[in-house]
Amino acid sequence: MREKLDINTWIRKDHFKFFSTFEEPFFGVTVDVDCTSTYEEAKEKGVSFFLLYLHKSLLAANRVEPFGYRIIDGEVWKYDQVHASATINRPNGTFGFSYMDFHENFEDFRIEALKEIESVETTTGLIPSSSGENVIHFSALPWLNFKSISHARNFSHNDSCPKISFGRVREENGMKIMAVSIHVNHALMDGYHVSQFVNEYQELLSHKTQELISG
């Protein structure tokens, strides 16, 4: 479901109109997160670490309202849920785009996501799955401990979907640390909202899934 925001009464009206005129309205930050607890949880449960931290990032994004804002035909729409369009790496070194529905429950998300991953891995095309505007573009670079990242952009396409990338997990003082890059459209949100996402994501990463359910 989605609803249209009234730009004229929106508190960010001036910000939206200002940044909407930019050829490149996206800004990005790269932060380190402590994923020790989530890494251990994945090992204990025998589940994919990638899917577990991806699910927690979706949980965080769905709890920060501006991550559900999209610009469509010059108007701002608010989606009640956002899903994942994630790159899936294949054994032959290529990748394909996937579409994964968001589910509040990790096991429900995991079951559907594994089917999608298998579908992408058994094809050779770049875009075997279709997705709409209410997605976040995810990518994982588990080989690189990057400090910053940029994205290929088609400036003739009015893109407003957030882009989140995950780096290689490294050891620091007995902790598992991972770089996370977040790029968002400045017409829809500011650094304050990105910080809300980062704080929410770190909180989720620091607790095991069963603790989140029971808490």
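Conventions and cut-offs
- Residues numbered from 1 in each chain as written.
- Predicted model: local features only at pLDDT ≥ 70, side-chain atom pairs only at ≥ 80, totals over all residues.
- Heavy atoms only, no water.
- Patch = residues over 30% accessible without salt bridge, like charges linked within 9 Å, V, L, I, M, F, W, Y side chains within 5 Å.
- Areas by Shrake-Rupley, 256 points an atom, 1.4 Å probe, with all protein chains shown as cover.
- Salt bridge = Lys/Arg side-chain N within 4 Å of Asp/Glu carboxyl O.
- Buried < 20%, exposed > 50% of the residue type's maximum accessible area, 1.4 Å probe, protein only.
- Helix = DSSP H or I, 4+ residues; strand = E, 2+ residues; numbered from the N terminus.
- UniProt positions renumbered as here; feature names shortened; annotations may be inferred.
- Contact = heavy atoms within 4.5 Å.
- Axes fitted to C-alpha atoms, helices over the stretch in contact; angles between N-to-C directions.
- Parallel < 35°, antiparallel > 145°, perpendicular 65-115°, else oblique.
- Left-handed = near helix turned anticlockwise from the far one by under 90°.
- Nonpolar A, V, L, I, M, F, W, Y, C, P; charged D, E, K, R; others polar.

A. A look at a nonpolar patch on the surface. Taken together, the side chains of Phe95, Leu126 and Ile127 make up a nonpolar region of the molecular surface, amounting to roughly 290 Å² of accessible area. Exposure remark for Phe95: the relative accessible area of 36% places this residue in the partly exposed category.

B. Focus on the pattern of salt bridges. One pass over the full model with this rule turns up 16 salt bridges. For Glu3, the salt bridge goes to Lys78, with nearest N and O atoms at 3.4 Å. Residue Glu3 is located in strand 1 (residues 2-4), and its partner Lys78 is located in strand 4 (residues 75-79); the two are separated by 75 residues in the primary sequence. Of the charged contacts, one joins Glu75 and Lys4 as a salt bridge, the two residues approaching to 3.3 Å between their closest N and O atoms. Separated by 71 residues along the polypeptide, Glu75 in strand 4 and Lys4 in strand 1 bring together distant segments of the chain. The partly exposed category is assigned to Lys4, whose relative accessible area is 46%. Put simply, Glu3, Glu65 and Lys78 are held in one network by salt bridges that share partners.

C. Spotlight on the UniProt feature "active site" (unreviewed entry) in the protein chain. When the UniProt feature table is mapped onto this chain numbering, "active site" (unreviewed entry) sits at His186. Taking the relative accessible area as the measure of exposure, His186 reaches 19% and is therefore buried. Excluding residues within four positions of it along the chain, His186 makes contact with Arg12, Phe19, Pro25, Phe26 and Phe27.

D. Representation of the packing of helix 3 (residues 49-62) against helix 4 (residues 106-121) in the model. Direction vectors running N to C along helix 3 and helix 4 enclose 120°, while the axes themselves pass 10 Å from each other. Classed by the angle they form, the pair helix 3 and helix 4 counts as oblique. Of the two elements, helix 3 crosses helix 4, and the hand of that crossing is right-handed. Each of Leu51, Leu52, Leu54, His55 and Leu58 in helix 3 lies in contact with helix 4, whose residues at this interface are Phe106, Phe109, Arg110, Ala113, Leu114 and Ile117. For the contact of helix 3 with helix 4, the class distribution of residues is 9 nonpolar, 1 polar and 1 charged.

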